[in-house]
Amino acid sequence: MALAFAVRLPALILPSMDWDEGLYLTMAADLNAGQLPYSGLWDRKPIGIFVVFALVERVFEDGVLGARVLASLFAALAAFFLYRISILLFQPGGTIGMAAASAYVLFSGENSGLASNTEAFFVPLTIVGFYLALRNTLPSGGPARSRTGLSELAAGLVLGVAFQIKYVVAFDFAALVVALVILTGEDGRPLVERLRQSGLRAGAMALGFAAPTVAVLALYAATGNLDAFLKANLAAHLGYLDRAFGSPTVPLFAAINYGPLWIGAGLALLFARRLIRSRREWQALIVCVVWIAAVLIGLAMLRRWYEHYFIQLLPSLSLLTGFVATRAILDVARTRYELRCAIGLLLAAGFFAANKDAFLAAGDLVLQRHARGDWAAGDIPRIVARDLAGQLRSGDTMFVFDQDPVIYYLARATAPTRYPFPGHWINGADGMFDPLVELEQVLDREPRFIVTRLDTFAPPERNAAAPAGEPDQIERYQRLKKRLHAAIAESYDLADSYDPAEVWGGPVVGIKPWGANVYRRRTQ
């Protein structure tokens, strides 16, 4: 836990790093106010992530900080259960487990991992589910545990909760079912018997896996919101999968960020015959490869990617890297001193490779906040929300367009739309709504403030975050911005601008300098 919080310390300092965080907190506040997701504010994510953030919002006064703290606790949880899985799969499992757990924590901040995205929560739960299922199959020494199916049922339940945070967990579940077939029957029992035993265990897991989804469906049916749930969780995902494939540069950069882990996994496979010492370890190696393959298939089906999607690969890559690193060190180190030095050097190299940019950014912010005497320095969404919160009157709304939706949450503002996530306005959440029609409805509600980026209305060639997509989507989005720009010119005045160069005194390493414009509606 200490290593997890040390490595992820910048997350407690840095401002909002991903707009998803702001969306989850905004919808969590709505949930805590009694409004079920999809019936009020809308997104295509399963309900589980909003429940997680609703709990955070109840416990912590600052939801952004609270979510980062919880993500660090989950990273520590993941590391502990990776350690336990390693004890089941390898010998000496404890040493390999420490290496695998360290690799997981050290690289948990890569690929946008410091942000409190869905992966920060469902990936650790997936690891817990794997351990619960495998501990009955591979009872690391001593007599086998009772085969009542309770452990598998619990594993399925944990994975089912993870599935309600993000549906790609279905591919982890499939990998685990295959792992049960591979690992069941180390005593050489016939394949038919192994398949029968594995089938019984998989059936128990499937029951547990389905339970959270059945409970959610029952909740929405009982409250009369089942149609809204199905549209958000079925129709919207079909539209998402129907899009063209995204740029291959995102997977490429995600792979580079995990470079040492991919090298470790490759070395484990290349030198398997030399490194592996038992039949169980051969099986463990195959299980890790199956796990990687299942996740890659799921990622390919998404068609368009963000870096944090690839965090789902972190557990299997960490297991293989921990295995090969430990075996290599044990083969080379002749004394305990040499062993400690080698482990220390690897940890230091991993820490530097994966976390230097985040610590530079956090250090820069700390210095600027100290110099300015302002704890929010460098955090433009928080500064905007702080400035506007006192100006919002009862019944006022605020429209955040092309900026971080966390402003809604931090200002405790009411959105004049069901779609608070700016990315959904590019293509109407893949056909779930017409952005031009929705914008007219927003303008009819006369929001008191409209918040945009500094360059929202700049030509695409001068827009730091011009949207990518099909030409017709981009053309419609430009028409949307043109309509909003005209409405602002007609009824709003520029109230304030937040230029990163003025707010920070200069750019901060690793933080996107988007800035913000705030427009106030003219009084009649």
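Check the entry above for the structure.
Residues numbered from 1 in each chain as written. Predicted model: local features only at pLDDT ≥ 70, side-chain atom pairs only at ≥ 80, totals over all residues. Heavy atoms only, no water.

Q: Pulling in residues and values, what's your account of the pairing of strand 4 (residues 516-521)?
A: Among the six residues in strand 4, five count as buried, and that is most of the element. As defined by bridge partners, strand 2 (residues 449-452) adjoins strand 4 across four bridges and the pair is classed as antiparallel. Note on strand 4: the bridge partner recorded for Val451 is Val518. (Buried < 20%, exposed > 50% of the residue type's maximum accessible area, 1.4 Å probe, protein only. Helix = DSSP H or I, 4+ residues; strand = E, 2+ residues; numbered from the N terminus. Pairing = 2+ DSSP bridges.)

Q: Could you give me a rundown of the packing of aromatic side chains, with the residues and numbers involved?
A: For any pair of aromatic rings, geometry is given as the distance between the ring centres together with the angle between the planes. Summed over the entire model, instances satisfying the criterion amount to 24 aromatic pairs. On the basis of an interplanar angle of 20° and a centroid distance of 4.9 Å, the ring pair of Phe90 and Phe323 is categorised as stacked. Of this pair, Phe90 sits in the loop between helix 4 (63-89) and helix 5 (93-106) while Phe323 sits in helix 15 (residues 314-332); the two residues are 233 residues apart in sequence, bridging distant segments of the chain. Phe323 matches Phe90 in its accessibility class, with the two residues each being buried. A centroid spacing of 3.8 Å and a plane angle of 10° characterise the contact between Tyr419 and Phe433, whose relative ring orientation is stacked. With a gap of 14 residues between them, Tyr419 in the loop between helix 18 (406-411) and helix 19 (424-431) and Phe433 in the loop between helix 19 and helix 20 (435-444) connect regions that are remote in the sequence. A relative accessible area of 7% places Tyr419 in the buried class. Here the aromatic residues Tyr24, Tyr38, Phe50, Phe53, Phe74, Phe121, Tyr220 and Phe229 are joined through ring pairs into a cluster of three or more. (Phe/Tyr/Trp six-rings, centres within 6.5 Å; stacked < 30°, edge-to-face > 60°.)

Q: Residue-level account of the packing of helix 11 (residues 249-257) against helix 12 (residues 259-270), with values.
A: Relative orientation of the contacting elements helix 11 and helix 12 amounts to 75°, with a least axis distance of 4 Å. In terms of orientation, helix 11 lies roughly perpendicular with respect to helix 12. Contacts between helix 11 and helix 12 involve Ala255, Ile256 and Asn257 from the first element and Gly259, Pro260 and Trp262 from the second. The residue makeup of the contact of helix 11 with helix 12, split by class, is four nonpolar, two polar and no charged. (Axes fitted to C-alpha atoms, helices over the stretch in contact; angles between N-to-C directions. Parallel < 35°, antiparallel > 145°, perpendicular 65-115°, else oblique. Contact = heavy atoms within 4.5 Å. Nonpolar A, V, L, I, M, F, W, Y, C, P; charged D, E, K, R; others polar.)

Q: If you had to explain the environment of Ala293 to someone new, which residues and values would you point to?
A: Mapped onto the secondary structure, Ala293 falls in helix 14 (residues 279-302). Along the sequence, Ala293 and Phe171 sit 122 residues apart, while their C-alpha atoms lie 9.3 Å from each other.

Q: For the nonpolar core, give the residues involved together with the corresponding values.
A: Counting residues in hydrophobic clusters, the biggest one holds 145 residues, and the most contacted among them are Phe53, Phe121, Val384, Met398, Phe399, Trp425 and Val451. If one sorts the elements of this core by residue count, helix 4 sits on top with 13 residues. Not counting residues within four places of it along the chain, the set of residues in contact with Phe399 comprises Tyr408, Pro416, Thr417, Trp425, Leu439, Val442, Pro447, Phe449, Ile450, Val451 and Leu484. The next biggest cluster of nonpolar side chains, apart from the first, holds eight residues, and it includes Ile13, Leu114, Ala358 and Ala361. (Core = buried A, V, L, I, M, F, W, Y, C linked by side-chain atoms within 4.5 Å.)

Q: So what about the sheet that holds strand 2? Which residues, and what values?
A: As summarised here, the arrangement of the four strands in space is 1-2-4-3, forming an open sheet in which the pairing is mixed. Where the open sheet ends on each side, the last strands, each with one partner, are strand 1 (398-400) and strand 3 (492-498). The mean inter-strand angle of the sheet, taken between neighbouring strand axes irrespective of direction, is 20°.

Q: Let's hear about the pattern of salt bridges: which residues, and what values?
A: According to the stated counting rule, one finds 18 salt bridges in the structure shown. Between Glu152 and Arg201 there is a salt bridge; the shortest N-O distance is 3.5 Å. Of this pair, Glu152 sits in helix 7 (residues 150-163) while Arg201 sits in helix 9 (residues 191-222); the two residues are 49 residues apart in sequence, bridging distant segments of the chain. Of the two residues examined, Glu152 and Arg201, each falls in the buried class. Ionic pairing is found between Arg327 and Glu281, a salt bridge with its closest N-O pair at 2.7 Å. One end of the pair, Arg327, is in helix 15; the other, Glu281, is in helix 14, and 46 residues separate them in sequence. As far as burial versus exposure is concerned, Arg327 and Glu281 are alike and both buried. Overlapping salt bridges bring together Asp62, Asp379 and Arg382 as one network. (Salt bridge = Lys/Arg side-chain N within 4 Å of Asp/Glu carboxyl O.)

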